[in-house]
Each structure stands twice: as C-alpha cells, then as structure tokens.
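# Descriptive analysis of the structure
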Amino acid sequence: MRFIFKTAYLQDIRLFQHRGQVFWYGLLGLALLAAPWWASEYFMSQLHFICIYSIVGFGLMMLVGFTGQISLGHAAFLAVGAYTEALLQAAGVPFVVSIACAAAFSASVGVIVGLPALRLKGIYLAISTLAFNVIIEEIATRWESLTGGSGGKHVSAVSLFGWKLESDSEFYYLCLALTVLCCLACINLLRSPTGRAFVAIRDSEISASCMGVNLAKYKTLSFALSAALTGIGGALYAHKISFISPEQFTLLASIELVTIVIIGGVGFLHGAVLGAAFIIVLPQLISIAKDYLPSAVATTGLQGVVFGLVLIGLILFEPMGLYGRWLKIRTYFELFPFYRRGMFRRQKSYMKSERLR
Amino acid sequence: MSFFKVEQLGIRFGGVVAVNDVSFEVNRGEVFTIIGPNGAGKTTIFNLVGLIYPPTSGRIEFEGRELTGMAPHRVAEFGIARTFQNIELFEHASVLQNLLIGRHRHRATSLWQELLFLPSVRRREIEAREAVEKVIDFLELAKYRDSLVAGLPYGVRKVVELGRALATEPKLLLLDEPSSGLNPEETDDMAFWIEDIKKLLGITVLMVEHDMNLVSRVSDRVLALNMGEVIAEGTAAEVQSHPAVIEAYLGGAVK
Ligand SMILES: Nc1ncnc2c1ncn2[C@@H]1O[C@H](COP(=O)(O)OP(=O)(O)OP(=O)(O)O)[C@@H](O)[C@H]1O
Ligand SMILES: [Mg+2]
C-alpha cells in the first residue's frame, strides 16, 4: 500500500506525484524511444497511428472529457489540418510553419463551430457539429481546384529543416515528440486555472458562471484548443497516409474518433492514449482472428460488430473506460486485501436540481 | 453611498409574479436575512442578484455601481459569491479543486503561460493553494481535501460549497438556506461559521433561511417576504412578532 504524505504545495502541482511514477513513465519512455530497434516495420506503422490518434484523442478529451461538450464532427478538423498541411507543403512552406498553420487554421474553424455551443447542449450540439462535418466533407469534394476533389491529393514525406524524414523511424520520432508535447500542453493546462474552468463548466455551468468563469470565452477556447490538437493530428495523418481524399473524413470517421475517448475513459488524459491504442490494435486483432474463424462469421462486417459490442459493453459495465478499469485493478492490488466492490461507486445525488428553485 | 442596494426589483415568469417591487439595503459588515414561506420568491431574488435572470423592473447596486445588465460572470469579479439551495458543486472534482475554482477571479496568467506552465504560473498556483488552505483550515475540511465531491455526505457538501464561495474572497456572501438538510450539530457549526465570517473575515452576509433559531442568532436585520412582496423589515424579534408575518406563515385568522 502506498501512502503519499503531503508536505508541500508543489507536490500536487508537479508532473510526477511519487518515485514509482517516475520509474514507470521512465521505463515507458525508454521503451518508446527504443522502438525502432525492437519493433517490426509493421508494428512501427501501428505506432505512428497510435501517436497520431493519441493527439486527436487529447483534443477530443479536452472538449468532451473535461469541458463536457460533445462533438460528432471532429473528422472535419482532421480534414482541415490534413488539407492545410498538404497545400502548404506543396507551396514549399517549411514543416514547422505549416503544421503551426494547420493547428491555427483548425483552431479558428473550431471557434466558429463552437459558436452554437454557447446556446446548444447535448444532442442539439451533437447535431450541429455533425452538420459541420457534412459541410467540410462537401467542401473537400466540390472545391476541386484546391483539394483535388474526390480524386484526392498526394502528400510527400515531411522535410524538417531540409532533412527529409523518409524512413519509418524518423517519422516515428517526429510523431512521438509531437505527442509528448501535446500531452504536456494538456497536462499543464489542466493544472492551471483554465483547465479548472473547463472542469467547472463540465460539472455545473451555473456555478461556474457564479465563480466568475466566462462561459462563452471558455467554451470557445475549449473548441479552439480541441480543434488545434486535432488539426496537428490531421497534418501528421496526411503525411502518414501520403494520400488524402474526402472519404477519409466522413461522419463515420468522426464517430470513430469519439469512441477513442469513450473506450479510453472520459475525463482521463491516459484514456486518450489507451483508446487510441485500442482502436488501432483491435482491427489488427480481428483480421488475425478471421483466419481462424468459420467463413460465415469472418465477413467484412465483423469489425463493426465487434466495435459496437465493445462500446455497448463498456458503457454498460465500465463507464469509466479502459483507464477506469485499470484504476480499479491498481487499487485492488494496492489495498489488497481490503478492496471493496463498491469503492468506486459514486453516491447518487438525489438533490440534483433541474431548476434553480 | 450604500454598500448593497436593491430598488423596486421585480420579475415575472409568464403570469407568475415571483418578485414584485422589492427594495432593501444591506450595510457593510452585517448579516441580513430574508425569510418567507415556500415560494415567496427568496431564491428568485438571489438569482436576480446573480444576474441569472434579467429583472423585469428595478435595479441592483453594489458599492455604487449598477449590476443589472451585466454578464453573469462579472458578478463574481465584483466580489459577490453565493451558495445554492440545492448544492451546485463540481461533482467529479476533488474538494481541493472545487475550492481552487473559487480562486478563478484572482487568476492572473494567460493561456500561453499556462500551456508552458512557466514559473509565474507555478508561483500563482502555490499562492492559490495557500489561500485555499486557509479556507480548509477555517471550515475544518482537511480530511476531505482530496476526496471527490460526488462521494461526500450531504452535510459536508454544504460546507464545501460555503468554502468554495469563501475561496473567492468575496465582499458580499449570499447564502441560500445554509442550514437546510443539516442535523442540529451541523446547524450549530454553521451558525458559528456565519458569525466568524462576519466578525473575523469581515464579509457581509445576505442569507435566506427558514430555521428561526439560526436566524435570530446570527442576523442583524431581517426582511420578511410573502408572494414576492416585502411584508416586514426589522430585527429578528420585531419581524417574528409582526402580524403580517404571522399571518403569512399561519394563514389568515379563521372567521
Ligand atoms: N425559472 C422560473 N420559471 C417559472 N417560475 C419560477 C421560476 N423560478 C421561480 N419561479 C416561481 O417563482 C416563485 C418563487 O420561487 P422561489 O424559488 O424564489 O421561492 P423561495 O422563496 O425560494 O421558496 P423555497 O423556500 O421553497 O425555496 C414560485 O412560485 C416559483 O414557482
Ligand atoms: Mg428557495
């Protein structure tokens, strides 16, 4: 069992709470840095995707998990990031500038999409973001002179300060570095007033506003930030796939992105990474499993069915997602043999009021 | 110039006149209590002061500045904090985080500084924690510091909400039924705290309360409300023995 004695304010604020964390994250860091040596070419490619989807996951987590807003249109931000990167690269803009532009442009689109969030909640907000996704998809298809229409657009490898990142491991280090940076930015924000304002909006808009949180400002900010991170993910995605076309950014892609945060665990940054790893690894596992399954089951629809089942199962039995499950397992071992089943159950607040009377 | 003043305040929801022509003044440093039967319009007055609803008529003035017509989050910036009748806490955050959100109006760092967590942000964070820790000491919340609000008993949540309001370092504190749902000991604690808030922290308190023991113990002045209208104003004893108040609570004399 671990007891953490608090003797200084910094203890709550700093990145690692105790030595154990330094050790395990250090180990993880080393393993990731050494990946090109131990991972196969195929596995490296999966790692690229996990990094990219983690960044997008961070973006969605800030919005959905921490600010409590919903978006079913994040594939559109992915598209904005990807096309911005593709066009700027084609125009000869250096990578550092072009990815910053992808983030900034995506963020400004995010501000516009966030506007309805100032008035709409829940399902209505979901519908308005969904409509936005359709609009962006349509623009990407119709504006052929710019986007190449449904014929798509080719994107070449990243060149960083004149150095072409053509090999898998070079691109991997770029993705990894950006993932770590984005993750740090999110952690930093969450331990400062802005992150707390997001959480306040998520849990009670009315008292957030009574504490002086400007709802309009912080909701818009959350959308912008979320879009910026997704834009960065989109830019990397364009390089990874090296060919982008509108059908990669459909509504279905948006829903897949939302499942990252739901499967990983809404309200935990770890959840974004776990969720990203899950949605990348699961299809691979399914295609391996197909070899051993009877042909009646091993159809193309299998993946959708499994995804659906996992999602429903998690929502029913583990609303805190994979990370929530991990927390429970860890607590079980830390407290062994004192773990109780109801430990993570939260008291229902029957006094929760719909009205302010 | 008066400290806090409400003039001819009124609001109607469709056909319901919830508050009608209510005027009163709160002096700096006093505990001013509003009493009245259920549905009298007490909470609605708080919501009007918090600018959650725009009034249909009248004005609200704080330290000589008019509040009406401003954005709701500005109220906190002026130094007015409130608690809610039905508790509105940030359920999935710890007690400490709840109180830290109370420090929101004192933040002084920009988004970019926070993204990089510059030393200035770190310094401000430590300052915020020092301030919050004072509130935790004051309300004896230390053992709940890191617990999630969602798992706490009702009585403690009530205190956390008071703590969150105090963490804003308000000049005027609005308490909506601070003792509702508390047992006698907890109510007693609440009475002590309200007295200390007034005497030690020098914060003016505007309160809505049903428990007449608590009201007479802590209030300097009392205003009685019925059907959205003021029916009496004075000390607790004066208001309690006022015929209109007795009638409002007990109904008209049976003829
Ligand atoms: N948002 C609203 N929409 C419609 N009617 C409302 C609204 N808010 C309050 N009312 C009405 O205004 C009247 C006063 O309500 P209010 O909540 O202020 O009473 P109260 O004095 O706080 O009562 P209690 O002691 O039960 O808390 C009630 O008749 C209520 O139904
Ligand atoms: Mg009320």
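Please read these numbers as outputs of a predicted model, since none were measured by experiment. Here the residue index of a chain counts from 1 through its sequence in written order. Note on labels: chains are lettered from A, ligands numbered from 1, in written order. For this predicted model, a pLDDT threshold of at least 70 governs which residues receive local features, and a threshold of 80 or more governs which side-chain atom pairs are given and counted, while totals over whole chains, interfaces and linings are taken from all residues. The side-chain values count all of the structure's non-hydrogen atoms but skip hydrogen atoms and water molecules.

## Some points on the packing of aromatic side chains
Only the six-membered ring of Trp is used, alongside the rings of Phe and Tyr, when aromatic pairs are assigned; centres must lie within 6.5 Å, and planes under 30 degrees apart are stacked while those over 60 apart are edge-to-face, with the rest tilted. What the rule picks out here adds up to 16 aromatic pairs over all chains. Centroid distance Phe268 of chain A to Tyr323 of chain A: 4.9 Å. Interplanar angle 55°. Geometry classified as tilted. Within this pair, whereas Phe268 of chain A is found in the loop between helix H13 (251-264) and helix H14 (269-290), its partner Tyr323 of chain A is found in helix H16 (residues 321-335), the two being separated by 55 residues in sequence. The classification of residues rests on relative accessible area computed with a 1.4 Å probe and restricted to protein chains. Under 20% of the type maximum is buried, over 50% is exposed, and intermediate values are partly exposed. In this structure Phe268 of chain A comes out as buried when scored by relative accessible area, which is 18%. Within the aromatic cluster, the residues linked to one another by ring pairs are Phe3, Phe4, Phe24, Phe32 and Phe62 of chain B. Cation placement over rings: the criterion is NZ of Lys or CZ of Arg within 6 Å of the ring centroid and within 35° of the ring normal. Above the plane of the ring of Phe117 of chain B lies Arg191 of chain A, whose end atom (NZ or CZ) is 3.8 Å from the centre. The side chain of Arg164 of chain B reaches across the aromatic face of Phe90 of chain B, ending 4.7 Å from its centre. Working definition: helices are DSSP H or I runs of at least four residues, strands are E runs of at least two. Numbering for both runs from the N terminus.

## Focus: the pairing of strand S7 (residues 172-176) of chain B
Residues in a regular strand point their side chains to alternate faces of the sheet. All names here are of chain B. With 5 of 5 residues buried, S7 is to be regarded as a mostly interior element. Side chains of S7 alternate between two faces, with Leu172, Leu174 and Asp176 and Leu173 and Leu175 buried alike. When DSSP finds at least two bridges between two strands, those strands are taken to pair. Direction of pairing for strand S6 (residues 80-82) relative to S7: parallel, over a ladder of 3 bridges. Following the sheet pairing, Ala81 is matched in S7 by Leu173. Pairing analysis gives 5 bridges linking S7 to strand S8 (residues 204-208), with the strands arranged parallel.

## Topic: a nonpolar patch on the surface
Residues and elements named next belong to chain A. The patch calculation keeps residues exceeding 30% relative accessible area without a salt bridge and links them within 9 Å when they carry like charges or within 5 Å when they are nonpolar (Val, Leu, Ile, Met, Phe, Trp, Tyr). Accessibility throughout is a Shrake-Rupley quantity obtained with a 1.4 Å probe, and a residue counts as covered only by protein chains that appear here. Salt-bridge detection follows one rule: a side-chain nitrogen of Lys or Arg within 4 Å of a carboxyl oxygen of Asp or Glu. Taken together, the side chains of Leu15, Phe16, Val22, Tyr25, Leu28, Val180 and Leu184 make up a nonpolar region of the molecular surface, amounting to roughly 560 Å² of accessible area. When contributions to the nonpolar patch are tallied by element, the ones reaching two or more residues are helix H2 (19-33) and helix H9 (168-190). Per element, the largest residue contribution to the nonpolar patch is 3 residues, and it comes from H2. With respect to the helices and strands, the residue Val180 is situated in helix H9. When its relative accessible area of 45% is taken as the criterion, Val180 is described as partly exposed.

## Observations regarding the coordination of the magnesium ion (ligand 2)
A donor here means an N, O or S atom no more than 2.8 Å from the metal, or no more than 3.2 Å when the metal is Na, K or Ca. Since water is not included, a site may seem to lack partners. The coordination sphere of the magnesium ion (ligand 2), as far as protein atoms go, consists of Thr43 of chain B (OG1) and Gln85 of chain B (OE1), spread over 1.9 to 2.1 Å. Of the two residues, Thr43 of chain B is situated in helix H1 (residues 42-49) and Gln85 of chain B in the loop between S6 and helix H3 (95-102); the sequence distance between them amounts to 42 residues.

## Points about the interface of chain A and chain B
The partner chain B presents 50 residues to the 39 residues of chain A that form the contact. Here chain A meets chain B over a buried area of about 4,100 Å², counting both sides, of which 60% is carbon and sulfur. Joining chain A to chain B, the criterion identifies 1 salt bridge. For the purposes of these results, a polar contact is taken to be a pair of N or O atoms within 3.5 Å, where, inside protein, one atom must be able to donate a hydrogen and its partner to accept one; residues adjacent in sequence count only when each atom of the pair is a side-chain atom. Scanning the region where chain A abuts chain B turns up 8 residue pairs in polar contact (both at pLDDT 80 or more). Those elements giving two or more residues to the side of chain A that touches chain B turn out to be helix H1 (10-13), H9, helix H10 (193-203), helix H11 (205-210) and helix H12 (215-241) of chain A. With 8 residues, the single largest contributor to the side of chain A that touches chain B is H10 of chain A. Residue contacts follow a heavy-atom distance rule, with two residues in contact if any of their heavy atoms lie within 4.5 Å. Accessible-area loss on putting two parts together, using a 1.4 Å probe and summing over both, is the definition of buried area adopted here.

## Brief notes about the confidence of the model for chain A
Residues and elements named next belong to chain A. Across the chain, each position has a pLDDT score giving the predictor's confidence in that residue, from 0 to 100. Model confidence for chain A is summarised by a mean pLDDT of 86, while 94% of its residues fall at 70 or above. No element of chain A has a lower mean pLDDT than strand S3 (residues 163-164), which averages 76, and none a higher one than H12, which averages 94. The model gives residues 347-355 a pLDDT under 50, and that stretch makes 12 contacts with residues more than four places away or in other chains.

## Remarks on unusual backbone geometry
Of note, the phi angle at Glu63 of chain B is positive, near 50°, even though the residue is not glycine. Mapped onto the secondary structure, Glu63 of chain B falls in the loop between strand S4 (57-62) and strand S5 (65-66).

## Topic: the pattern of salt bridges
Residue and element names in this part refer to chain B. Taken as a whole and assessed by the stated rule, the structure comprises 24 salt bridges over all chains. A salt bridge links Glu233 to Arg221, with the shortest nitrogen-to-oxygen separation between them at 3.0 Å. With Glu233 in strand S10 (residues 229-234) and Arg221 in strand S9 (residues 221-226), this residue pair connects regions lying 12 residues apart in the sequence. The exposure class of Glu233 is partly exposed, given its relative accessible area of 39%.

## Describing the state of the cysteines
Residues and elements named next belong to chain A. By disulfide we mean two sulfur atoms from cysteines, separated by a distance within 2.5 Å. By the definition in use, this model includes 0 disulfides over all chains. Counting only cysteine sulfurs, Cys175 is the nearest neighbor of Cys51, a cysteine outside any disulfide, at a range of 5.6 Å. Since its relative accessible area comes to 7%, Cys51 is described here as buried. Between Cys101, a free cysteine, and Cys182, which holds the nearest cysteine sulfur, the sulfur-to-sulfur gap is 16 Å. On the basis of relative accessibility, which here comes to 32%, the residue Cys101 falls in the partly exposed class.

## A few points about helix H7 (residues 184-199) of chain B
Residues and elements named next belong to chain B. Taking 1.5 Å of rise per residue, the 16 residues of H7 would be expected to cover 22 Å, and the 23 Å separating its terminal C-alpha atoms lies within 8% of that figure. Those residues of H7 not exposed but buried are Thr187, Met190, Ala191, Trp193, Ile194 and Ile197. One face of H7 carries all of its buried residues, which in axial projection span an arc of 165°. In H7, those exposed residues whose orientation departs by more than 90 degrees from the buried face are Pro184, Glu185 and Lys199. Capping the start of H7 is the job of one residue whose side-chain oxygen sits 3.1 Å from the backbone nitrogen of Glu185: Asn183. In this analysis, the expected span of each helix is defined as 1.5 Å times one less than the number of residues it contains. In this description, one arc is meant: the one made by directions from the helix axis to the C-beta atoms.

## Considerations on the pairing of strand S1 (residues 4-13) of chain B
Residues and elements named next belong to chain B. Of the strand pairs in this sheet, S1 and strand S2 (residues 16-26) are connected by 7 bridges, and their pairing is antiparallel. Residue Arg12 lies in a different strand from S2, and its bridge partner there is Val17. Counting the residues between successive antiparallel strands, the hairpin from S1 to S2 contains 2 residues, one of them, Gly14, with a positive phi of roughly 60°. As defined by bridge partners, S1 adjoins S4 across 5 bridges and the pair is classed as antiparallel. Each residue of the ladder has a partner; that of Val6, found in S4, is Ile60.

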